Amino acid sequence: MFRNPLINRAMLVLLGAGALLAVSAARPAMAQNDDMKKDIVETATGPGMEQVTTLVQALKAADLVDALKGPGPFTVFAPTNEAFNNLPAGTLDDLMKPENKDKLRKILLFHVHQGDAISAADMKDMKLSTMEGKKLKIKVKDGEVWVDGAKVVKPDIMCSNGTIHWIDKVLMP
């Protein structure tokens, strides 16, 4: 190193501080990568997702859990619990009955685009195909994303096999 021992010590202190900063800066990225290991279903049933528990129950009732644990990638427009509560009285209870499983599946698959994990920043006025077979109309106005008249209220929940966006309305095919 240097002939002057004081300079050597100062360099070691600076190098040590730089390494500490580098490790500290890398930690949030590592935590984010750990979160990215969870698929859509694991993410939707995890912490911070209390506002989409009704959707999770509906996915279970419609036998769609395994489909959304698949490789994807998926973009899921997830109605919040409040969105489900805004359905006409008795609608959700009726849809959750075993005899209405096909109807419930059709509605839920209308909320899922397969083939891309699209972030809100990448959305523009466009149409997206759904797993149900019909298209969703995406509109961007004043920086807000709208999906068939539903507002995206929490965008970009990143998962290992796609992206979840919370919406304020249940979409009907």
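This structure is a prediction, so every number in the text was calculated from the model and none was measured.

Criteria and thresholds
- Residues numbered from 1 in each chain as written.
- Predicted model: local features only at pLDDT ≥ 70, side-chain atom pairs only at ≥ 80, totals over all residues.
- Heavy atoms only, no water.
- Axes fitted to C-alpha atoms, helices over the stretch in contact; angles between N-to-C directions.
- Helix = DSSP H or I, 4+ residues; strand = E, 2+ residues; numbered from the N terminus.
- Parallel < 35°, antiparallel > 145°, perpendicular 65-115°, else oblique.
- Left-handed = near helix turned anticlockwise from the far one by under 90°.
- Contact = heavy atoms within 4.5 Å.
- Pairing = 2+ DSSP bridges.
- Core = buried A, V, L, I, M, F, W, Y, C linked by side-chain atoms within 4.5 Å.
- Buried < 20%, exposed > 50% of the residue type's maximum accessible area, 1.4 Å probe, protein only.

**Q** Quick one: what's the story with the packing of helix α3 (residues 53-61) against helix α7 (residues 101-109), residue by residue and with numbers?
**A** In the contact formed by α3 and α7, the axes pass within 9 Å of each other and the chain directions differ by 130°. When the axis of α3 is compared with that of α7, the two are oblique. The chirality of how α3 crosses α7 is left-handed. Counting all contacts with α3, which are made through Leu-55, Ala-58, Leu-59 and Ala-61, the residues of α7 involved are Lys-101, Leu-104 and Leu-108.

**Q** Explain the sheet that holds strand β2 (residues 112-114) to me, and be specific about the residues and the numbers.
**A** The sheet built from seven strands is open, its strands ordered β2-β1-β7-β6-β5-β4-β3 with mixed pairing. A single partner strand is all that each edge strand has here, and the edge strands are β2 and β3 (126-129). Across the sheet, the mean angle separating the axes of adjacent strands is 30° when strand polarity is ignored. Looking at chain direction, strand β4 (residues 135-141) and strand β5 (residues 144-147) are connected through four bridges and run antiparallel. Across the sheet, the residue bridging to Lys-139 is Trp-146, located in β5.

**Q** Tell me about the nonpolar core, and please be specific about residues and values.
**A** Across soluble globular proteins, nonpolar side chains have a tendency to be buried as a group. Residues Leu-68, Val-76, Leu-108 and Ile-164 are the most contacted members of the largest nonpolar core, which totals 30 residues. In this structure Leu-68 touches Ile-40, Val-41, Leu-59, Phe-74, Val-76, Val-112 and Asn-161, once residues within four positions along its chain are discounted.

**Q** Give me the lowdown on the pairing of β4, citing residues and values where you can.
**A** Sheet topology places β3 next to β4; four bridges connect them, and they run antiparallel. Across the sheet, Met-126 pairs through a bridge with Ile-138, a residue of β4. Taking the residues between adjacent antiparallel strands as the criterion, β3 and β4 are bridged by five residues, where Gly-133 takes a positive phi near 115°. Linkage of β4 to β5, two consecutive antiparallel strands, is achieved through a turn of two residues, within which Asp-142 is found at a positive phi near 55°.

**Q** How would you summarise the environment of Gly-70 if you had to cite specific residues and measurements?
**A** By the secondary structure assignment, Gly-70 is in the loop between α4 (65-68) and β1 (74-79). We classify Gly-70 as buried; its relative accessible area is 17%. Considering only alpha carbons, one finds Gly-70 and Ile-40, 30 residues apart in sequence, at a separation of 9.0 Å.

Keep in mind these numbers describe shape, not what the thing actually does.
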